[in-house]
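Read off the chains here:
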Amino acid sequence: MAATPADRSPESTLAFLREGYRFISTRCERLGSDIFTTRLMLEPTICLRGRPAAMLFYDTERFQRAGAAPKRAQRTLTGRGGVQGLDGQAHRDRKGMFLSLMTPAAIGRLGQLVADEWRARIPAWEAAGPVVLYDEVACVLMRAVCAWAGVPLAEREVARRTGQMHDMITGAVSVGPRYLRGLLSRRRAEHWIGDLVERTRAGTLAAPEGSALRTIALHRDPRGRLLPRRIAAVELINVLRPTVAVDRYVAFAALALHDHPAWVDRVRGSDEATEWFVQEVRRYYPFFPVAAARVRHAFDWQGHHFPAGRRVLLDLYGTNHHPHLWPEPERFRPERFAGWRDDPYGFVPQGGGDHLAGHRCAGEWVTIELMKQAVGLLTTAMRYRMPPQDLAVDLARVPARPPSGVVLDDVRRAG
Ligand code: HEM
């Protein structure tokens, strides 16, 4: 049995927080291995990166999700009792509920709603002077996804509810007041959505057939039971929150257009070039650093021992930047996606493997569609200037984003 290389430090939590997205890759490079052991959050942990590692990690016979996510992430980011922590038949049933929402027609409708909301905002941006794209797009996405999901949202509520979605995301990786804000925002959002679930069940709120609100409120588990009100709220928030989070990718896409201006002309009017561009944004820029699971039963893999119950982290960012998978991984080159075919274990910005059988993101097609819409709108529906600002993405900060949020000035309608 090969000894699995080990991180030297007796406890690496602080190093993880300090180094962020590069924590696992830096050690893989130092140790000359895509697998090593370390201690994180006072617990022995195995870290992995690369395609063979992703194939292993998404083997649901060998790994489970129950008990894998840190409590802090459950209390803020994902909520407790949602699909992310389920295994086996319970997971498949709940995941099927999400995937039933993701028909091409429904995704197209959400894309259209986002485009309509975005266009409707352009006159206000024209009048406003400098605007922060990240903040504006967050509200555009929130309005659109609520309309799409059947969730009533008054205009005066948009900023507050969008803020709650953001708080849940940043709270998971914060300490002190930002963590507490994440907790509070989750409690308020679950209360808000829980009410809507109850009213839908009682027939006093008419959620449209096929909408996320109706589907989740009326979903029955394999034993015929409705989801408890709080769990139904957690799951509907699992649609709203990550859709708003596409704002980060939109900010990165605007940054990429700024840094690689030749692509502005290439993506304009070309669906194919837009697709490559969007995929490269998802590969190149940091979003989710890792996915976490636990070993079900002890096993050996490539000479390494995986004890039962051991926590395992798959480096998503590091796999998308693995030099054996991606030539010149630190260069932004959308053309690398020309003729590319889906690689469910080598390209994992939103997790890998199979969407239904495993934990790969249920919103991957939505994300791609909304990013394509955004790139189309940025390059054809408006003109703008980007004044001097701080755009340096810090890989030590999770979740990353351009620090300025991408400030646009002199916005004008085009096309
Ligand atoms: C903003 C871009 C997004 C990113 C970067 C992202 C990323 C991810 C990642 C890394 C996972 C976990 C994969 C794993 O555990 O192996 C995940 C799971 C999930 N995502 Fe996303 N996601 C995004 C957008 C969305 C959208 C738009 C939706 C819904 C409309 C969504 C719904 C979900 C759900 C329900 C899960 C849990 C799946 C499961 O546990 O089986 N995500 N996502």
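A brief look at the structure comes next. This structure is a prediction, so every number in the text was calculated from the model and none was measured.

## Some remarks on the site of the ligand
So, point 1. Residues in contact with the ligand amount to 28 residues; listed here are only the nearest, Tyr58, Arg65, His91, His359 and Cys361.
So, point 2. Measuring from an oxygen atom of the ligand, one finds a side-chain N or O atom of lysine 95 at 2.8 Å.
So, point 3. Glutamine 350 is positioned such that a nitrogen or oxygen atom in its side chain is 3.4 Å from a nitrogen atom of the ligand.
So, point 4. Within the residue set of the shell around the ligand, elements represented by two or more residues are α5 (88–99), α11 (229–259) and α15 (364–381).
So, point 5. It is α11 that provides the largest number of residues to the shell around the ligand, a total of 7 residues.
So, point 6. Broken down by class, the residue content of the shell around the ligand amounts to 16 nonpolar, 10 polar and 2 charged.

## Concerning helix α6 (residues 104–128)
So, point 1. The terminal C-alpha atoms of α6 lie 36 Å apart, and with 25 residues this matches the ideal 36 Å at 1.5 Å per residue to within 8%.
So, point 2. By the burial criterion, the buried members of α6 are Ala106, Ile107, Leu110, Gly111, Val114, Ala115, Trp118, Ile122 and Trp125.
So, point 3. On the buried face of α6, the contacting elements are β4 (131–132), α7 (133–149), α11, α15, β9 (382–385) and β10 (407–413).
So, point 4. Just past α6, the residue glycine 129 takes up positive phi, approximately 80 degrees.

## Regarding the pattern of salt bridges
So, point 1. Following the criterion strictly, the structure yields 33 salt bridges and no others.
So, point 2. Residue arginine 51 is joined to aspartate 343 by a salt bridge in which the shortest nitrogen-to-oxygen separation is 2.6 Å. With a gap of 292 residues between them, arginine 51 in helix α3 (residues 51–57) and aspartate 343 in the loop between α14 (316–320) and α15 connect regions that are remote in the sequence.
So, point 3. Measuring nitrogen to oxygen at the nearest pair gives 3.8 Å for the salt bridge that ties arginine 230 to glutamate 190. In this pair, arginine 230 is assigned in helix α11 and glutamate 190 in helix α9 (residues 177–202), connecting sequence segments 40 residues apart.

## As for the packing of aromatic side chains
So, point 1. Tallied over the entire structure, the rule returns 22 aromatic pairs.
So, point 2. When the ring of phenylalanine 277 is compared with that of phenylalanine 332, the centres are 5.5 Å apart and the planes differ by 75 degrees; the resulting orientation is edge-to-face. Here phenylalanine 277, found in helix α13 (residues 271–284), pairs with phenylalanine 332, found in the loop between α14 and α15; they are 55 residues apart in sequence, far enough to count as distant. Phenylalanine 332 shares its class with phenylalanine 277; the two are buried.
So, point 3. For the ring pair phenylalanine 299 and phenylalanine 306, a centre distance of 4.7 Å and an interplane angle of 10 degrees mean the geometry is stacked.
So, point 4. On the basis of relative accessible area, phenylalanine 299 is assigned to the buried category, the value being 10%.

## Some points on the coordination of the iron atom of the ligand
In an ideal octahedron of six donors the angles at the metal are 90 or 180 degrees, and in an ideal tetrahedron of four donors they are 109.5 degrees.
So, point 1. Looking at the iron atom of the ligand, one finds just one donor atom contributed by the protein, Cys361 (SG), at 2.3 Å.
So, point 2. Mapped onto the secondary structure, cysteine 361 falls in the loop between α14 and α15.

Analysis parameters
- Residues numbered from 1 in each chain as written.
- Predicted model: local features only at pLDDT ≥ 70, side-chain atom pairs only at ≥ 80, totals over all residues.
- Heavy atoms only, no water.
- Near = heavy atom within 4 Å.
- Polar contact = N/O pair within 3.5 Å; in protein donor to acceptor, adjacent residues only side chain to side chain.
- Helix = DSSP H or I, 4+ residues; strand = E, 2+ residues; numbered from the N terminus.
- Nonpolar A, V, L, I, M, F, W, Y, C, P; charged D, E, K, R; others polar.
- Expected span 1.5 Å × (residues − 1).
- Buried < 20%, exposed > 50% of the residue type's maximum accessible area, 1.4 Å probe, protein only.
- Contact = heavy atoms within 4.5 Å.
- Salt bridge = Lys/Arg side-chain N within 4 Å of Asp/Glu carboxyl O.
- Phe/Tyr/Trp six-rings, centres within 6.5 Å; stacked < 30°, edge-to-face > 60°.
- Donors = N, O, S within 2.8 Å, 3.2 Å for Na, K, Ca; no water.

Keep in mind these numbers describe shape, not what the thing actually does.
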